[in-house]
Amino acid sequence: MASIIPRDIANGLKGLDANRYATKKTVAQGMLDIALLTSNASQLKYVLQVGQKHEFYTLLVVLISISIVLQAIAGILALIISSLDGEHNEKQKKMADGLYHVSLALMTGVVFCDVIKMTFGFDPALSEQDYYGNRASNMQS
């Protein structure tokens, strides 16, 4: 029976290294986490600069702060999990699995905070006034 997968691709699949893939995936995920943390820090800086003039100042400061704290805790858990994964002790394996689930829950909380935060927006065109007190051009007086 002839294979439906071309020979060149089938030969390439045999050489797929699961460890290399997992390493690349982990590095890519770490880069995305750093990008999200940087974005949150930038948004926090913006909201703090605008101050009470922003109509959702308190809500945004709280959501961004929660998101940053949850990301930091998830990062610490990732370090702990990585140190436990090397061991083959059953107790440590169960602990690492539990911490992984806690980390997943924390990152779900980060996503939830970020979705709510972005719903209230950072688009200056949607605000009545910008940082300098200028009215947006699409707002009627």
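Keep in mind that what you see is a predicted model, and the values were worked out from it rather than measured.

## Concerning the environment of Gln43
Then, in step 1: If you trace the backbone, Gln43 turns up in helix α2 (residues 18-50).
Then, in step 2: For Gln43, a relative accessible area of 14% corresponds to the buried category.
Then, in step 3: Each C-alpha atom of the pair Gln43 and Val61 lies 9.0 Å from the other, and the pair is 18 residues apart in sequence.
Then, in step 4: Reaching out from Gln43, the side chain makes a polar contact with the side chain of Lys117 at a distance of 2.6 Å.

## Topic: helix α3 (residues 57-85)
Then, in step 1: Taking 1.5 Å per residue as the helical rise, α3 with its 29 residues ought to reach 42 Å, and the 42 Å between its terminal C-alpha atoms agrees with that figure.
Then, in step 2: The complete set of buried residues in α3 reads Tyr57, Leu60, Val61, Leu63, Ile64, Ser67, Leu70, Gln71, Ala74, Leu77, Ile81 and Leu84.
Then, in step 3: Check the buried side of α3 and you find it contacts α2 and α4 (90-119).

## Structural notes on the UniProt feature "transmembrane region" (unreviewed entry) in the protein
Then, in step 1: Summarizing the sequence annotation, UniProt attributes the feature "transmembrane region" (unreviewed entry) to residues 56-81 and 102-122 in the numbering used throughout.
Then, in step 2: For residues 56-81, the helix share is 96%, the strand share is 0%, and the end-to-end C-alpha distance is 37 Å.

## Things to note about the side chain of Gln71
Then, in step 1: Looking at where Gln71 falls in the secondary structure, it is placed in helix α3.
Then, in step 2: Residue Gln71 is classed as buried on the basis of its relative accessible area of 10%.
Then, in step 3: Not counting residues within four places of it along the chain, the set of residues in contact with Gln71 comprises Asp33, Leu36, Leu37, Asn40 and Val110.

Conventions used here
- Residues numbered from 1 in each chain as written.
- Predicted model: local features only at pLDDT ≥ 70, side-chain atom pairs only at ≥ 80, totals over all residues.
- Heavy atoms only, no water.
- Helix = DSSP H or I, 4+ residues; strand = E, 2+ residues; numbered from the N terminus.
- Buried < 20%, exposed > 50% of the residue type's maximum accessible area, 1.4 Å probe, protein only.
- Polar contact = N/O pair within 3.5 Å; in protein donor to acceptor, adjacent residues only side chain to side chain.
- Expected span 1.5 Å × (residues − 1).
- Contact = heavy atoms within 4.5 Å.
- UniProt positions renumbered as here; feature names shortened; annotations may be inferred.

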